[in-house]
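What follows is each chain in one-letter form.
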Amino acid sequence: VQLQASGGGLVQPGGSLRLSCAASGRTFSTYGMGWFRQAPGKEREFVASISRYGGDTYYADSVQGRFTISRDNAKNTVYLQMNSLKPEDTAVYYCAARRGLGYYNAYDYDYWGQGTLVTVSS
């Protein structure tokens with residue numbers, strides 16, 4: 001499966017952005033999906049994940065209550081709604097697809113999209 005992330009940009013602290021990740025192919029609903037991010041000089045870290053049909057969602061503590069992951073299997077797309085953004089949310093955000101049940105580690109994911117840059121700054 002090929003993944004294409006979009007929606008990044010520059011936003012002021014406290015603002016919102018919605019990232020999208022469009023997947024190719026007809027097997028999108030067979031994959032759990034996730035979002036990771038990587039800030040300059042830091043390792044890639046887990047942000048959020050959603051199960052195949054959206055019944056289960058998981059979040060990093062740092063984004064819990066501010067970010068919401070969702071998916072539309074009819075559109076082969078997963079979203080990340082980001083609210084109350086903070087400067088520390090600045091990073092390149094990556095979407096990824098997984099076949100298995102593990103969701104927290106990068107090695108749980110089989111396919112990765114290119115990143116989209118989110119910059120939170122005044």
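Scoring rules and cut-offs
Residues numbered from 1 in each chain as written. Predicted model: local features only at pLDDT ≥ 70, side-chain atom pairs only at ≥ 80, totals over all residues. Heavy atoms only, no water. Helix = DSSP H or I, 4+ residues; strand = E, 2+ residues; numbered from the N terminus. Buried < 20%, exposed > 50% of the residue type's maximum accessible area, 1.4 Å probe, protein only. Lys, Arg positive; Asp, Glu negative; His and termini not counted. Salt bridge = Lys/Arg side-chain N within 4 Å of Asp/Glu carboxyl O. Polar contact = N/O pair within 3.5 Å; in protein donor to acceptor, adjacent residues only side chain to side chain. Pairing = 2+ DSSP bridges. Phe/Tyr/Trp six-rings, centres within 6.5 Å; stacked < 30°, edge-to-face > 60°. Lys NZ or Arg CZ within 6 Å of the ring centre and 35° of its normal.

A. Inspection of the side chain of Arg 71 at higher detail. With respect to the secondary-structure elements, Arg 71 resides in strand 7 (residues 67-72). Notably, Arg 71 is buried but unbridged: the nearest opposite-charge side chain belongs to Asp 72, and the N-O separation is 8.3 Å. Engagement of the side chain of Arg 71 in a polar contact is seen with the backbone oxygen of Phe 28, the distance being 3.0 Å. Among the polar contacts made by the side chain of Arg 71, one reaches the main-chain carbonyl oxygen of Arg 52 at a distance of 3.2 Å.

B. Structural view of the pairing of strand 4 (residues 32-38). The element strand 4 is largely enclosed, with a buried count of six among its seven residues. Direction of pairing for strand 4 relative to strand 9 (residues 91-98): antiparallel, over a ladder of seven bridges. Residue Gln 38 lies in a different strand from strand 9, and its bridge partner there is Val 92. With five bridges joining them, strand 4 and strand 5 (residues 45-50) adopt antiparallel strand pairing. Paired with Met 33 across the bridge in strand 5 is Ile 50. The antiparallel hairpin formed by strand 4 and strand 5 contains six residues in its connecting segment, where Gly 41 sits at a positive phi of about 75°.

C. A look at the packing of aromatic side chains. Counted according to the given criterion, the structure contains eight aromatic pairs. For the ring pair Phe 36 and Tyr 109, a centre distance of 5.1 Å and an interplane angle of 85° mean the geometry is edge-to-face. Here Tyr 109 lies in the loop between strand 9 and strand 10 (111-112) and Phe 36 lies in strand 4, a separation of 73 residues in the sequence. The burial state of Phe 36 is the same as that of Tyr 109; both residues are buried. By the ring-pair criterion, three or more aromatic residues cluster together here, those being Phe 36, Phe 46, Tyr 58, Tyr 103, Tyr 104, Tyr 109 and Trp 112. Above the plane of the ring of Tyr 94 lies Arg 44, whose end atom (NZ or CZ) is 3.8 Å from the centre. The ring of Trp 112 has Arg 44 sitting right over it, with the charged end atom 4.8 Å from the ring centre.

D. A look at the pairing of strand 8 (residues 77-82). Within strand 8, five of the six residues are buried, which leaves the element mostly enclosed by the surrounding structure. Looking at chain direction, strand 3 (residues 17-23) and strand 8 are connected through six bridges and run antiparallel. Directly across from Ser 20, in strand 8, lies its bridge partner Tyr 79. When strand 7 meets strand 8, the two strands line up antiparallel, connected through six bridges.

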